[in-house]
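Structure assessment
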Amino acid sequence: MAPRTLLVANWKMNLGIAESVSLARAIAEGCSGLAQTEIWLAPSFTALAAVKESLSSTPVKVGAQNAHWADSGAFTGEVSVPMLKECGATFAIVGHSERRHILGESDLLVVKRAAAVAASGMQCIFCVGEKLEERERGLTSMVLQRQLIALLDGIDRKLLPNIILAYEPVWAIGTGKAAEVEDIASAHAELASIWMSTGHQQSAPRILYGGSVSPENFHTFVHLPSVGGALVGGASLVAEKFTELAKISEQQQ
Ligand code: PGA
């Protein structure tokens, strides 16, 4: 049986190759012997191969923070799925709020990325979440529906086992203010219900929560049945904090 909790480190545009390798090693060491928790790391593209190499004798997996849908071609600045696989990536994060809202990636574009990642056999962590003004206007549910239905409409249903959802309210990312347990529970229930109501899914989706996850707040929601783990930014850059999250996860089983 797959471990119950998945902890994904999103290092964003931080750390060079040597720093990434050293953090990866410290995390792998601190997280050795876990029974119910999987550890996945998403370093920068430039550090991916070296981090993978440094983790070869551990169960820790590595992946990318984005991926293009074409295998090759005139797409300056992009990185393709075969290139990522060659570096040892087994997953890619797609549709992160920083891609959607700072780099302007649309629902349509992120779905193309997700479909290519899933079709390659890699796991795709597909991020959704509302902005603060959308939340304040009572539009959370509408935004989640729009983002998830775009995915469900744009991807072959056979690929859905390769999709992991991440609910990341934009207002909680990097702000130090994680969502309350009630908000997480209701957003995850909403996503699971949209997923199932499309009529052809066999099983409920795995859904991670992301947004200011820390050792101080993780225990408040890790036990929820609808929470399959966490996508962690800031706290994943400090080996002790990320290791502490893994310990909290193990204690909840
Ligand atoms: P944060 O980032 O944990 O620093 O809020 C999470 C994310 O952006 O995935």
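That block above? That's the structure.
No experiment lies behind these values; they were computed from the predicted model shown.

Looking at chain direction, strand β2 (residues 37-42) and strand β3 (residues 61-64) are connected through 2 bridges and run parallel. In the strand pairing of β3, W40 is matched with K61. One crossover worth recording links β2 to the parallel β3 by way of helix α2 (residues 48-54), and it is right-handed. Sheet analysis places β3 next to strand β4 (residues 91-94), joined by 2 bridges and oriented parallel.

To continue, consider the site of the ligand. Around the ligand, the surrounding shell holds 13 residues, and the nearest of these are K12, H96, E168, G174 and S212. At 2.7 Å from an oxygen atom of the ligand is found a side-chain nitrogen or oxygen belonging to K12. G234 has a polar backbone atom sitting 2.8 Å from an oxygen atom of the ligand. Relative to its free-state accessible area of 290 Å², the ligand is covered by the protein chains to the extent of 95%. Its residues assigned to classes, the shell around the ligand shows 4 nonpolar, 7 polar and 2 charged.

For the rest of this paragraph, the subject is the environment of F218. Along the polypeptide, F218 turns up in the loop between β7 (207-210) and β8 (229-232). Counting along the chain gives 11 residues from F218 to G229, while the straight-line C-alpha distance between them is 9.6 Å. When neighbours within four sequence positions are excluded, F218 is seen to be in contact with L7, V213, A230, L245, I248 and S249.

What follows concerns unusual backbone geometry. You will see that K12, though not glycine, has its phi angle at about 50°, which is positive. Considering the arrangement of structural elements, one finds K12 in the loop between β1 (5-10) and α1 (17-30). With phi around 75°, L15 is a residue other than glycine that occupies positive phi space. Along the polypeptide, L15 turns up in the loop between β1 and α1. We classify L15 as partly exposed; its relative accessible area is 28%.

Membership of the largest hydrophobic core comes to 70 residues, with the highest contact counts inside it found for L41, F126 and I163. Ranked by the residues each element gives to this core, the list is headed by helix α5 (residues 107-119), at 6 residues. F126 has contacts with V94, R100, V110, V111, A114, Q147, L151, I163, I164, L165 and A166, leaving out every residue within four places of it along the chain. One finds F91, I164, A166 and L231 within the second-largest nonpolar core, a separate group that totals 12 residues.

All chains considered together, the criterion is met by 9 salt bridges. Where R206 meets E38, a salt bridge forms, and the shortest distance between an N and an O atom there is 3.3 Å. Within this pair, whereas R206 is found in the loop between α8 (181-197) and β7, its partner E38 is found in strand β2, the two being separated by 168 residues in sequence. E38 gets classed as buried once you look at its relative accessible area, which sits at 16%. Note that E78 and R113 form a salt bridge whose closest N and O atoms lie 2.8 Å from each other. Placement of E78 in the loop between β3 and α3 (81-86) and of R113 in helix α5 is noted, with a sequence separation of 35 residues between them. By relative accessible area, E78 is classed as partly exposed at 29%. Look at the salt bridges and you will find they share partners, linking E78, R99, E105 and R113 into a network.

Calculation rules
- Residues numbered from 1 in each chain as written.
- Predicted model: local features only at pLDDT ≥ 70, side-chain atom pairs only at ≥ 80, totals over all residues.
- Heavy atoms only, no water.
- Pairing = 2+ DSSP bridges.
- Helix = DSSP H or I, 4+ residues; strand = E, 2+ residues; numbered from the N terminus.
- Right-handed = clockwise from strand over helix to strand, strands pointing away.
- Near = heavy atom within 4 Å.
- Polar contact = N/O pair within 3.5 Å; in protein donor to acceptor, adjacent residues only side chain to side chain.
- Areas by Shrake-Rupley, 256 points an atom, 1.4 Å probe, with all protein chains shown as cover.
- Nonpolar A, V, L, I, M, F, W, Y, C, P; charged D, E, K, R; others polar.
- Contact = heavy atoms within 4.5 Å.
- Buried < 20%, exposed > 50% of the residue type's maximum accessible area, 1.4 Å probe, protein only.
- Core = buried A, V, L, I, M, F, W, Y, C linked by side-chain atoms within 4.5 Å.
- Salt bridge = Lys/Arg side-chain N within 4 Å of Asp/Glu carboxyl O.

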